[in-house]
Amino acid sequence: MDSETHRKSKSDLVLSNPKPCILSVGSGKHYVCGYFAAFTNIAVTFPIQKVLFRQQLYGVRTRDAIRQLQKDGIRNLYRGILPPLMQKTTTLALMFGLYEDLSTFLLRHTNSPEIVTRSVAAVLAGTTEALLAPFERVQTLLQDYKHHDRFRNTFYAFKVLQPYGIREYYRGLVPILLRNGPSNALFFGFRSPIKQSLPEAKSYHANLINDFICGGLLGAMLGFLFFPINVVKARMQSQIGGDFMSFGKVLMIIWTERDGKLTHLFRGAHLNYHRSILSWGIINATYELLLKLL
């Protein structure tokens, strides 16, 4: 069969089966697996995340952040968990699901190298996740002890922000966009190479451990790399009302407050590093496990 005949046959096959390729992924199991991987992670790591948040927002040491939580009491330990549960479960469902769907779509309809196509799919998935930024915004307000007396719960916080307009819900959107797209591209780009570099898994449990290590290493690396962006995000989202300052201006304010020292800007990064190992290890291992079960 010559090349022209081959092309015609391929074209006829596509025309005879006009089903949209996004739908060809079909089951949506990547969305389901991402959702429950996020749920498991949040339930386990939320108290650690709360300590980290206090360090990002106030630049305090780990022991001081822990003392703040002890002073708040056990009743407030899981205060603010509903927004991340709603946001993270949905964003990770979108992260994994849209990445797979968009990769399939772009690979079938573009001639770009696979690594470029998959990177674009990852960035687009991360950008879509940013639509859920209001949940991250409310989580910031609920975790900040300065707002404990003002916000009773998640729904009340959403209600209080309403008079300020829709823009207030998306305060801090720029750092979220700067973080989501690139981190997604790096995560999906390095996930397979890192796992392949690990010792070959010869059992079910060994494979689960490899998935945990792979996710944990990637999460720790990306968490450290994008840590300053999250510091700026926390500061921007802790404000209610007033001017919307640019990312650069907020960064310079924080830099000045912390004596112009990079080490002070990275306060909490070591805890974030360990939390990310645990968090993304759980996410990746749970996701891959559920993917095999469904």
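Residues numbered from 1 in each chain as written. Predicted model: local features only at pLDDT ≥ 70, side-chain atom pairs only at ≥ 80, totals over all residues. Heavy atoms only, no water.

Labelled according to an unreviewed UniProt entry, the protein appears under the name Solute carrier family 25 member 51, originating from Hymenochirus boettgeri. Taken directly from UniProt, the Subcellular location (unreviewed entry) text for the protein runs: "Mitochondrion inner membrane". As recorded by UniProt, the Sequence similarities (unreviewed entry) comment attached to the protein reads in full: "Belongs to the mitochondrial carrier (TC 2.A.29) family." (UniProt positions renumbered as here; feature names shortened; annotations may be inferred.)

Colleague: When you look at the side chain of serine 103 in this model, what are you seeing that I'm missing?
Modeller: Its place among the elements puts serine 103 in helix H5 (residues 82-109). Setting aside anything within four residues of it in sequence, one finds serine 103 in contact with Leu98, Thr117, Arg118 and Ala121. (Helix = DSSP H or I, 4+ residues; strand = E, 2+ residues; numbered from the N terminus. Contact = heavy atoms within 4.5 Å.)

Colleague: Mind showing me how you'd approach the side chain of arginine 137 here?
Modeller: One can find arginine 137 in helix H7 (residues 133-143). Relative accessible area serves as the criterion here: at 0%, arginine 137 is assigned to the buried category. The residues contacting arginine 137, other than those within four sequence positions of it, are Leu161, Glu168, Tyr169, Arg171, Gln237, Ser238, Gln239 and Ile240. (Buried < 20%, exposed > 50% of the residue type's maximum accessible area, 1.4 Å probe, protein only.)

Colleague: I keep staring at the nonpolar core and nothing clicks. Help me out?
Modeller: Where a protein is soluble and globular, its nonpolar side chains tend to be buried together. Counting 28 residues, the largest nonpolar core has Leu92, Phe96, Phe187, Phe188 and Tyr287 as its most contacted members. Of all the secondary-structure elements, those providing two or more residues to this core are helix H3 (29-58), H5, helix H6 (114-129), helix H10 (173-197), helix H11 (204-225) and helix H15 (269-293). Among the elements that take part in this core, H5 stands out by supplying eight residues, more than any other. Apart from residues no more than four positions distant in its own chain, tyrosine 287 is found in contact with His30, Cys33, Gly34, Ala37, Phe96, Glu100 and Arg191. Of all hydrophobic cores here, the second largest spans 15 residues; its members include Phe227, Val231, Phe266 and Leu271. (Core = buried A, V, L, I, M, F, W, Y, C linked by side-chain atoms within 4.5 Å.)

Colleague: How should I be thinking about the packing of aromatic side chains in this particular structure?
Modeller: Any aromatic ring pair is given by two values, namely how distant the centres are and how the planes are angled relative to each other. What the rule picks out here adds up to 12 aromatic pairs. Ring geometry for tyrosine 99 versus phenylalanine 188: centroids 3.7 Å apart, planes at 5°, classification stacked. Taken together, the positions of tyrosine 99 in helix H5 and phenylalanine 188 in helix H10 put the pair 89 residues apart, joining distant regions of the chain. Of the two residues, tyrosine 99 and phenylalanine 188, both sit in the buried class. (Phe/Tyr/Trp six-rings, centres within 6.5 Å; stacked < 30°, edge-to-face > 60°.)

Colleague: What is the right way to look at the UniProt feature "repeat: Solcar" (unreviewed entry) in the protein in this model?
Modeller: Mapped onto this structure's residue numbering, the UniProt feature "repeat: Solcar" (unreviewed entry) falls at residues 25-105, 113-197 and 206-293. Counted over residues 113-197, helix gives 75% and strand 0%. Its end C-alpha atoms are 23 Å apart. Strand forms 0% of residues 206-293 and helix 81%; the C-alpha atoms that close the span are 16 Å apart.

Colleague: Honestly, the UniProt feature "transmembrane region" (unreviewed entry) in the protein in this entry has me stumped. Any pointers?
Modeller: Feature annotation in UniProt places "transmembrane region" (unreviewed entry) on residues 208-229, given in this structure's numbering. Split by type, residues 208-229 is 95% helix and 0% strand. Its first and last C-alpha atoms lie 31 Å apart.

Colleague: Honestly, H11 in this entry has me stumped. Any pointers?
Modeller: Because an α-helix packs 3.6 residues into every turn, residues spaced three or four apart end up facing the same way. With 22 residues, H11 extends 32 Å from end C-alpha to end C-alpha; this agrees with the ideal 32 Å at 1.5 Å per step. For H11, the complete set of buried residues consists of Asn207, Asn210, Asp211, Cys214, Gly215, Gly216, Leu218, Gly219, Ala220, Leu222 and Gly223. The inward-facing, buried residues of H11 abut H10, helix H12 (227-237) and H15. (Expected span 1.5 Å × (residues − 1).)

Colleague: I'm lost on the packing of H7 against helix H8 (residues 154-161) in this one. Help?
Modeller: Relative placement of two packed helices is described by the angle separating their axes and the distance separating the axes. Two elements in contact, H7 and H8, have axes whose closest approach is 10 Å; the angle formed by their N-to-C orientations is 105°. Compared by their axis directions, H7 and H8 come out roughly perpendicular. From H7, Pro134, Phe135, Arg137, Val138, Leu141 and Leu142 reach across to H8, where they touch Thr154, Ala157, Phe158 and Leu161. Of the residues in the contact of H7 with H8, the class split is eight nonpolar, one polar and one charged. (Axes fitted to C-alpha atoms, helices over the stretch in contact; angles between N-to-C directions. Parallel < 35°, antiparallel > 145°, perpendicular 65-115°, else oblique. Nonpolar A, V, L, I, M, F, W, Y, C, P; charged D, E, K, R; others polar.)

Colleague: What is the right way to read unusual backbone geometry from this model?
Modeller: Excluding glycine, residues mostly have negative phi values, and the peptide bonds linking residues are mostly trans. For aspartate 259, which is not glycine, the phi torsion reads 65° and is therefore positive. Mapped onto the secondary structure, aspartate 259 falls in the loop between helix H13 (247-257) and helix H14 (262-265). Using a relative accessible area of 54% as the deciding quantity, one classes aspartate 259 as exposed.

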